[in-house]
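Residues per chain are reported as follows:
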Number of protein chains: 2
Amino acid sequence: MSLKTGLRKSQSTILATALAAALTGFGGAAVAQDAPTLTKEQFDRANLLYFQQCAGCHGILRKGATGKNLEPENMLKLGQQRLERIIALGTEGGMNNFDMMYSKEDIALLATYLQMDVPVPPERNIAQMRESVNRYVELSDYPTKPLHGRNWQNFFLVIERDHGSVSVVDGDTKELVARIPTGYAVHVLKSTENNKAVPHANPEELGRFWYTMGRDGKMTKIDLWQVPEKMLVADVQIAYDARDVAVSGDGKYVIGGGYWPPHFVILDGKTMEPLKVVSSRGINVDGEYVNESRVAAIYDTPHAPSWVVNMKELGQTWQVDYSDIDNLRIEMIDNAKYLHDGFFDPTGRYFQIASNASNIMSIMDTKTRKLEALIEVDALPHPGPGANWVDPKCGPVGATPHLGVGKMTVWGNDPINHPDHAWKICYEVDTDGPGLFIRQHENSRYVWIDQTIHPDQEVQQSFKIIDKETREVVKTVRLAERTGDVAVHFEFNQDGSEVWVSIWNRGDSLQPNGELVVFDANTLEEKARVKDLYAPTGKFNVYNRTNHKT
Amino acid sequence: MSLKTGLRKSQSTILATALAAALTGFGGAAVAQDAPTLTKEQFDRANLLYFQQCAGCHGILRKGATGKNLEPENMLKLGQQRLERIIALGTEGGMNNFDMMYSKEDIALLATYLQMDVPVPPERNIAQMRESVNRYVELSDYPTKPLHGRNWQNFFLVIERDHGSVSVVDGDTKELVARIPTGYAVHVLKSTENNKAVPHANPEELGRFWYTMGRDGKMTKIDLWQVPEKMLVADVQIAYDARDVAVSGDGKYVIGGGYWPPHFVILDGKTMEPLKVVSSRGINVDGEYVNESRVAAIYDTPHAPSWVVNMKELGQTWQVDYSDIDNLRIEMIDNAKYLHDGFFDPTGRYFQIASNASNIMSIMDTKTRKLEALIEVDALPHPGPGANWVDPKCGPVGATPHLGVGKMTVWGNDPINHPDHAWKICYEVDTDGPGLFIRQHENSRYVWIDQTIHPDQEVQQSFKIIDKETREVVKTVRLAERTGDVAVHFEFNQDGSEVWVSIWNRGDSLQPNGELVVFDANTLEEKARVKDLYAPTGKFNVYNRTNHKT
């Protein structure tokens, strides 16, 4: 489609200019005579590179979080050469290598940039957000039924991270239906989910509208009932750095969480008009003020008119009640640092989230709005969208992979009927390397887990399939062999008969060379490929995500 | 609209917004050669003077609040001479004159200081607070009954602002019982009050322990059962600039509110150990981030286990539930800027607070934890501890003086039995000048109101007494005639038969020349004086404050 190339060019231009402009504070400080310096152009480029690949772990203010503190005082001690080496090759402490993505020149720029004063990005007020709202389709022009004959409940929405787009793939026909321009590096997509406390007025519309958040703070609204070229219906920029988004059960509100400025924004789910901004700056569980207090995972709670809004650096989950946003009720639930990603138990009552720097899975009871339990697990748990199933001995269980070790940890999560196993480790399975994602479906006997984080190419290109009954690895699949390709992220189709896996190549992310590999969920054999994608990562099946089926 | 056009628009909007935002971030202006400078010693003195007399209205960061923005950009335009004149003589906009308190040299220092970069004060974490706890009497040594034979329920605790002390005066004998060293410029004192939701385990102890907050962030715990020299039992510093304090109904917790750092702290009411810090930095009702978001009045709510914590710059009342401080529930109730001081209606359900920059009295329903009403009043309402009584026509009413005009405004505050008058102005009475305080007692037929803010000496030395039945001024009393003396603040004694009024002299506040004048509440004649006080201001009668009698 003609949209593709045009989009790619303009998208990267806008990024280079707008992000650098937003984040730069260049030009204030007095500089010592032999201090590292860059031209404004070089600084802006380094600033953009830092934002795209470093800020996630180290923070915009470089004070450190999952990654180390990178303030100039520490960086000047390491010096130019050592910094270049670390950026290029990574560290044993868990830092990635960037020599495959960044040129030597860019690495040198970054190393110098890190030794210079930290530019503090600006705030963003509600008036600025409101000015940035774009409505491409007017509300009055929204269709009252799907304008195409496809089975949209089995659509997969596929994140094309660095390309700044989401592709819509027909799960029945495996055809690419649409490519929607979004913010840069979308992290997740969310739709209205089934909420027993605030049911949707039109249940047939569950899963119709999808909302994304770009890493550049751009929120996008997608209408799957539209013709492909009109599926992008609105967008708005609520931050300069951001990750997550969620919808209220009734579809009335959308919430977007900012990394910078540190805040969350409640918007009108129909018009995308920002209605309310709440600062996430706060005091962490150690009693220290955190300026860059970032908003991590956000989810609608299936049994209450609220979202769980996770404060990464604070080590707090804020349960934000949206039943009256002018008198906004929040429970600030203390747990542990740094909160990252999480998922609900099968009943939808308990939210299970990784406090990854504490090697803890934190459990919140969204009914009592209190902390339920802390489960000590291994290094750096990262459940992604997680997996729940019924274990023959422990009853209902949840599970996570780890960023720090090749291991699946499984815990009991049914305190009502299996109190002896609740919030205790049931069993663990070693894999060949640390990974990002785990997935299962209630109609399938297997759990799928990746090994994306392992430095060895063969390991990161392979994933494991584990039998829920025997708790054994039944198959190891090597998905790709091309240098740079890694296997990442699983998503079942609507009826649980297929598993879709991404081949992700970070070094080739602006070319449509990426693929999704479709496996038969029972035979575990490859059955199809979806091609021409831009380095696909996360995938979201409409039906499963909307109905909490996985 | 075609997708392409829409996309282009979105991008240019984002670009424009980001660029504009980035431009405002260009803060660090290079210092011109003839820029105003001070020696370190001069700067520190000016900084102290600014903190003591200017920061309250203009903010530590000088961004302005009740007072104007005083950032260097604006100050440099005015220049040294004009600034000196304004500081010395005040302005018609409501700024006080300081020539009576500050020498010419100090005024010159301040004028220069204001043209220099704003020094940002440090944060203060919970570890630093904990290190600052002093316990002068161990818990095990607390007496189980009063160690003196005085009627401590009729004690008056008297603020000696600039002297940094609180005097305890025996209301029966008018004797000075003790003088307790506190933080600088205590704003209020609070004790455990009668709370129906969380009653005190030992009701006979209601009013025994008192807590103060100094303007320097020092919280002090006072035990009225002790011998005078041991009444100071503990203190702790929770901030560098602060105003208010409150106690939980059961006496288990104390809360202190900081101006800087902008936060509030929940402490153990027994040991004064800080337990929990919550940031008050937030987004105001206009959708703008406020760094210096100061905590104004705090009160225990008589019908719920919660405090109303008022966010001055945000225009929000946070109802903070203390029944589980690890899962802290807060309702962020939007009302209007800038929140200052407030008081409950006679039932204790509705909190009535001045949003003084909006000329509004904001009413919160602490039962539903929502905004109840906004009442438009005249310029700069300032109720202080307020006054409620029963009006012959409107039924139960509340009332406030104003900082901006000589007027008492009276509104109905009984929505249950007098809905027609609820939250509407019932009547107004003109006085001779703007004032700070109003007071009444259920056993007295009169309301007392001061005129402290009027620039004319005769007016600020006089106060008015108004008849609740006839709504007429029945007497104007000139309390003092010495230059610099003003009449301020009223407090009834335990049975409502006396009214105590302060003679306050700002220019003589470090000498024990101040007096309280005691009036017969029925004949309105002077009956006694309490002398040897350091410029007394606010007074707190133990029984009345603890039992919401006034």
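Everything that follows concerns the structure shown earlier in this document.
Residues numbered from 1 in each chain as written. Chains lettered and ligands numbered in written order. Predicted model: local features only at pLDDT ≥ 70, side-chain atom pairs only at ≥ 80, totals over all residues. Heavy atoms only, no water.

**Observations concerning the sheet that holds strand β20 (residues 350–355) of chain B**
All names here are of chain B.
- Read across the sheet, 4 strands follow the order β19-β20-β21-β22 without closing on themselves; strand pairing throughout is antiparallel. Edge strands, defined here as strands with exactly one partner in the open sheet, are β19 (339–344) and β22 (370–376). If you compare each strand with its neighbour and ignore which way they point, the axes differ by 25° on average.
- Two elements, β19 and β20, share 4 bridges in a ladder whose sense is antiparallel. Paired with phenylalanine 344 across the bridge in β20 is phenylalanine 351. (Pairing = 2+ DSSP bridges. Helix = DSSP H or I, 4+ residues; strand = E, 2+ residues; numbered from the N terminus. Axes fitted to C-alpha atoms, helices over the stretch in contact; angles between N-to-C directions.)

**A few points about the packing of helix α3 (residues 72–89) of chain B against helix α4 (residues 104–113) of chain B**
All names here are of chain B.
- In contact at an axis separation of 9 Å, α3 and α4 are set at 125° when each is read in the N-to-C sense. In terms of orientation, α3 and α4 fall into the oblique class. For the pair α3 and α4, the crossing hand works out as right-handed. Across from Gln80, Leu83, Glu84, Ile87 and Ala88 in α3, the residues of α4 making contact are Ile107, Ala108, Leu110, Ala111 and Thr112.
- Per-class residue counts for the contact of α3 with α4 are 7 nonpolar, 2 polar and 1 charged. (Parallel < 35°, antiparallel > 145°, perpendicular 65-115°, else oblique. Left-handed = near helix turned anticlockwise from the far one by under 90°. Contact = heavy atoms within 4.5 Å. Nonpolar A, V, L, I, M, F, W, Y, C, P; charged D, E, K, R; others polar.)

**Focus on the state of the cysteines**
Residue and element names in this part refer to chain A.
- Scanning all chains against the criterion turns up 2 disulfides over all chains.
- Across the disulfide, cysteine 394 is cross-linked to cysteine 426 (sulfur-sulfur distance 2.1 Å). Because the sign of the S-S torsion sets the handedness, a value of about 90° for the bond joining cysteine 394 and cysteine 426 places this disulfide among the right-handed ones. Residue cysteine 394 is found in the loop between β23 (387–391) and β24 (395–400), and its partner cysteine 426 is found in strand β26 (residues 425–430); the two are separated by 32 residues along the sequence. Here the two residues cysteine 394 and cysteine 426 agree in accessibility, since each one is buried.
- Here cysteine 54 stays free of any disulfide, with the sulfur of cysteine 57 as its closest cysteine sulfur at 9.0 Å.
- Note on cysteine 54: relative accessible area 13%, which makes it buried. (Disulfide = S-S within 2.5 Å. Buried < 20%, exposed > 50% of the residue type's maximum accessible area, 1.4 Å probe, protein only.)

**With respect to empty space enclosed by the protein**
- For the coordinates displayed, the defined rule picks out 7 cavities of 30 Å³ or more.
- The computed volume of the largest cavity comes to approximately 160 Å³.
- Trp318(A), Met332(A), Ser279(B), Trp318(B) and Met332(B) are, among the 20 residues lining the largest cavity, the residues nearest its centre.
- Counting residues per element, the ones that place at least two in the lining of the largest cavity are β12 (274–279), β13 (282–283) and β17 (316–321) of chain A together with β12 (274–279), β13 (282–283) and β17 (316–321) of chain B.
- Partitioned by chemical class, the residues of the lining of the largest cavity number 12 nonpolar, 6 polar and 2 charged. (1 Å grid on protein atoms, 1.4 Å probe; cavity = no way out; pocket = protein on both sides within 12 Å on 5 of 7 lines; lining within 4 Å. Points joined across faces, edges and corners; volume = space filled by probe spheres on them.)

**Focus: the sheet that holds strand β27 (residues 438–439) of chain A**
All names here are of chain A.
- Pairing is antiparallel across the open sheet formed by 4 strands, whose spatial order is β27-β28-β29-β30. Strands at the two margins of the open sheet, each flanked by one partner only, are β27 and β30 (473–478).
- Here 5 bridges tie strand β29 (residues 462–467) to β30, and the two strands are oriented antiparallel to one another. Each bridged residue has a counterpart across the sheet, and for isoleucine 466 the counterpart in β30 is valine 473.

**Observations regarding unusual backbone geometry**
Residue and element names in this part refer to chain A.
- In the segment running from tryptophan 260 into proline 261, the intervening peptide bond is cis, with an omega of -10°.
- The phi angle at histidine 489 is positive, at roughly 70°, despite the residue not being glycine.
- You can see histidine 489 is positioned in strand β31 (residues 485–492).

**Here's the deal with the packing of aromatic side chains**
- Scanning the model with the defined rule gives 36 aromatic pairs over all chains in all.
- Seen from their ring centres, Tyr142(A) and Phe209(A) are 5.6 Å apart, and the 35° between their planes marks the pair as tilted. Residue Tyr142(A) is found in the loop between β1 (134–135) and β2 (155–160), and its partner Phe209(A) is found in strand β6 (residues 209–213); the two are separated by 67 residues along the sequence. Of the two residues examined, Tyr142(A) and Phe209(A), each falls in the buried class.
- Geometrically, the ring pair formed by Phe343(B) and Trp411(B) is tilted, given 6.3 Å between the ring centres and 50° between the ring planes. With Phe343(B) in strand β19 and Trp411(B) in strand β25 (residues 407–412), this pair connects stretches of sequence that are 68 residues apart. By the burial criterion, Phe343(B) is buried, and Trp411(B) matches it.
- Through a chain of ring-to-ring contacts, the aromatic side chains of Trp448(A), Phe463(A), Phe490(A) and Phe519(A) assemble into a single cluster.
- In this arrangement the basic side chain of Arg281(B) is found over the ring face of Trp260(B), its NZ or CZ atom lying 5.2 Å from the centre.
- Across from the ring centre of Tyr259(B), 4.6 Å away, lies the NZ or CZ of Arg294(B), which sits over that ring. (Phe/Tyr/Trp six-rings, centres within 6.5 Å; stacked < 30°, edge-to-face > 60°. Lys NZ or Arg CZ within 6 Å of the ring centre and 35° of its normal.)

**Remarks on α4(B)**
All names here are of chain B.
- Taken across its 10 residues, α4 has 7 buried, putting it largely inside the fold.
- Taken residue by residue, α4 has Asp106, Ile107, Leu109, Leu110, Ala111, Thr112 and Tyr113 as its buried positions.
- Structurally, α4 contributes buried residues whose contacts are with α2 (40–58) and α3.

**What about the pairing of strand β34 (residues 526–533) of chain A?**
Residue and element names in this part refer to chain A.
- As defined by bridge partners, strand β33 (residues 514–520) adjoins β34 across 5 bridges and the pair is classed as antiparallel. Residue pairing in the sheet places glycine 514 in a bridge with leucine 533 of β34.
- Between β33 and the antiparallel strand that follows it, β34, lie 5 residues; leucine 524 among them carries a positive phi value of about 65°.

**Re the environment of Val320(A)**
Residues and elements named next belong to chain A.
- By secondary structure assignment, the location of valine 320 is in strand β17.
- Remark: the alpha-carbon pair of valine 320 and leucine 403, spanning 83 residues in sequence, is separated by 29 Å.
- Contacts of valine 320, omitting those with residues within four sequence positions, involve Phe264, Pro305, Ser306, Trp307, Val309, Leu328, Arg329 and Ile330.

**Some points on the pattern of salt bridges**
Residue and element names in this part refer to chain A.
- Across all of its chains, the model carries 78 salt bridges over all chains by this definition.
- Note that aspartate 106 is salt-bridged to arginine 45, the shortest N-O span being 2.6 Å. Of this pair, aspartate 106 sits in helix α4 (residues 104–114) while arginine 45 is found in helix α2 (residues 40–58), placing the two residues 61 residues apart along the sequence.
- Judged by relative accessible area, arginine 45 falls into the partly exposed class, the value being 38%. (Salt bridge = Lys/Arg side-chain N within 4 Å of Asp/Glu carboxyl O.)

**Regarding the environment of Gln316(A)**
- Locating Gln316(A) in the fold gives a position in strand β17.
- Separated by 57 residues in sequence, Gln316(A) and Tyr259(A) place their C-alpha atoms 15 Å apart.
- Apart from the residues within four sequence positions on either side, Gln316(A) is in contact with Ile283(A), Val285(A), Val309(A), Asn310(A), Met311(A), Met332(A), Ile333(A), Asp334(A), Asn335(A), Leu339(A) and Lys276(B).
- A polar contact of 2.9 Å, which involves the side chain of Gln316(A), links it to the side chain of Trp318(A). (Polar contact = N/O pair within 3.5 Å; in protein donor to acceptor, adjacent residues only side chain to side chain.)

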